[in-house]
Amino acid sequence: MKKRKVSARSVERLSIYRRALLHGLQEYGASVYSHEIAHSCQLTAAQVRRDLMAIGYSGNPNSGYNVKRLLASLAAFLDCHNSCAVAIVGMGYLGRAIAAHLTGRPSKIRLTAAFDVDLDKIGLTFSGVRCHSVRHMPEVLADKHIEIALITVPAEQAQHVAEQLVAAGVVGILNFAPVVLRLHERIYVENIDMIVSLEKVAFFARAGQRRKAR
Ligand code: NAD
């Protein structure tokens, strides 16, 4: 399937639709309506149809989408061709928790390497993944064809680590450190910050509002 230009939010929603479909396979049977997907994702049916149209999914919303074909279309759009190798930098509490979460899941995304500066961690294996010294980052990333990395180092180290990753060929970063990374615009950076999300929850909960759309 030809990759069209879709927004980051659409890509996020498409991933959520896939998860909902996989969790609801028993419930849906062979076909599913946009309003059923919308209901399980707390979105509108119109939004679901727009997102699926944007990726060129040609199912018929009136007679329901064929679940198998829809899952195949979502996979063709979202997934790497083969598998996608990723690395984590910073094998502290968060890095180790994420490694345990990612390992052994049926996903095209494969945690393949870990890095740290701590001599007590270098050489160890966490959730089946070997932890290397950051000094060996360029050769390990090249050898394992890794172009995507997660950053779980202390905030003051994150920019430096990000620059090391980019110099070693990384083009996509999922940053958990609470800092804004300044990198070339060709590098795709996504930030995850639990505190920001919690503050948002607290704000909207206080205001008695419920978020309707993602
Ligand atoms: P931690 O201190 O347990 O782990 C940090 C790890 O990074 C250590 O193993 C350390 O040796 C390593 N490290 C330090 N400098 C490095 C460098 N230059 N290169 C490679 N490795 C290096 O900390 P933690 O609790 O795991 O938190 C890690 C980061 O994640 C922090 O920035 C923290 O603020 C952030 N965090 C974010 C969220 C979130 O929701 N996004 C939640 C918890 C923690």
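Details of the structure are given in the entry above.
Structure report, in brief. As the structure is a computational prediction, the values presented were derived from the model and not from experiment.

1. Things to note about the overall build of the chain
Each helix and strand counted, the chain has nine helices and nine strands in total. Structurally, the chain occupies a C-alpha span of about 60 × 45 × 35 Å along its principal axes. In the chain, the share of contacts with a sequence separation of at least 24, taken over all contacts with a separation of at least 6, comes to 58%. Accessible area of the chain: about 13,300 Å², with a carbon and sulfur share of 55%. Side-chain charges of the chain comprise 28 positive and 17 negative groups, with the mean position of each set lying 10 Å from the other.

2. Here we look at the site of the ligand
Taken together, the neighbourhood of the ligand is formed by 23 residues, with Leu-94, Asp-116, Lys-121, Val-153 and Ile-192 sitting nearest. In isolation the ligand has 860 Å² of accessible area, and contact with the protein removes 76% of it. Listing elements by their share of the shell around the ligand, those giving two or more residues are helix H6 (93-102) and helix H8 (155-167). Looking at the shell around the ligand residue by residue, the classes come out as 15 nonpolar, four polar and four charged.

3. Structural notes on the packing of helix H1 (residues 8-23) against helix H3 (residues 34-41)
Between H1 and H3, whose axes approach to 10 Å, the crossing angle comes to 100 degrees. Of the possible angle classes, the one that applies to H1 and H3 is roughly perpendicular. Here Ile-16, Tyr-17, Ala-20 and Leu-21 of H1 lie close against H3, whose contacting residues are Ile-37, Ser-40 and Cys-41. Of the residues contributing to the contact of H1 with H3, the split by class is six nonpolar, one polar and no charged.

4. Description of the pattern of salt bridges
For side chains of opposite charge, pairing can occur when their charged atoms come near one another. Inspection of every chain in the model, using the stated rule, returns three salt bridges. Lys-121 is the salt-bridge partner of Asp-118, the closest N and O atoms lying 3.4 Å from each other. You can call Asp-118 partly exposed: its relative accessible area is 27%.

5. Considerations on the sheet that holds strand E9 (residues 188-191)
If you trace the seven strands from one edge of the open sheet to the other, you get E5-E6-E4-E3-E7-E8-E9, paired in mixed fashion. Looking at which strands have only one partner, the edges of the open sheet turn out to be strand E5 (125-126) and E9. Here E5 runs beside strand E6 (residues 129-133); their pairing, made up of two bridges, is antiparallel. Looking at the pairing, Thr-125 lines up with Arg-130 of E6. H6 rests against strand E3 (84-89), strand E4 (109-116), E5 and strand E7 (148-151) of the sheet, and its axis sits at about 160 degrees to E3.

What counts and what doesn't
Residues numbered from 1 in each chain as written. Predicted model: local features only at pLDDT ≥ 70, side-chain atom pairs only at ≥ 80, totals over all residues. Heavy atoms only, no water. Helix = DSSP H or I, 4+ residues; strand = E, 2+ residues; numbered from the N terminus. Contact = heavy atoms within 4.5 Å. Areas by Shrake-Rupley, 256 points an atom, 1.4 Å probe, with all protein chains shown as cover. Lys, Arg positive; Asp, Glu negative; His and termini not counted. Charge placed at Lys NZ, Arg CZ, Asp CG, Glu CD. Near = heavy atom within 4 Å. Nonpolar A, V, L, I, M, F, W, Y, C, P; charged D, E, K, R; others polar. Axes fitted to C-alpha atoms, helices over the stretch in contact; angles between N-to-C directions. Parallel < 35°, antiparallel > 145°, perpendicular 65-115°, else oblique. Salt bridge = Lys/Arg side-chain N within 4 Å of Asp/Glu carboxyl O. Buried < 20%, exposed > 50% of the residue type's maximum accessible area, 1.4 Å probe, protein only. Pairing = 2+ DSSP bridges.

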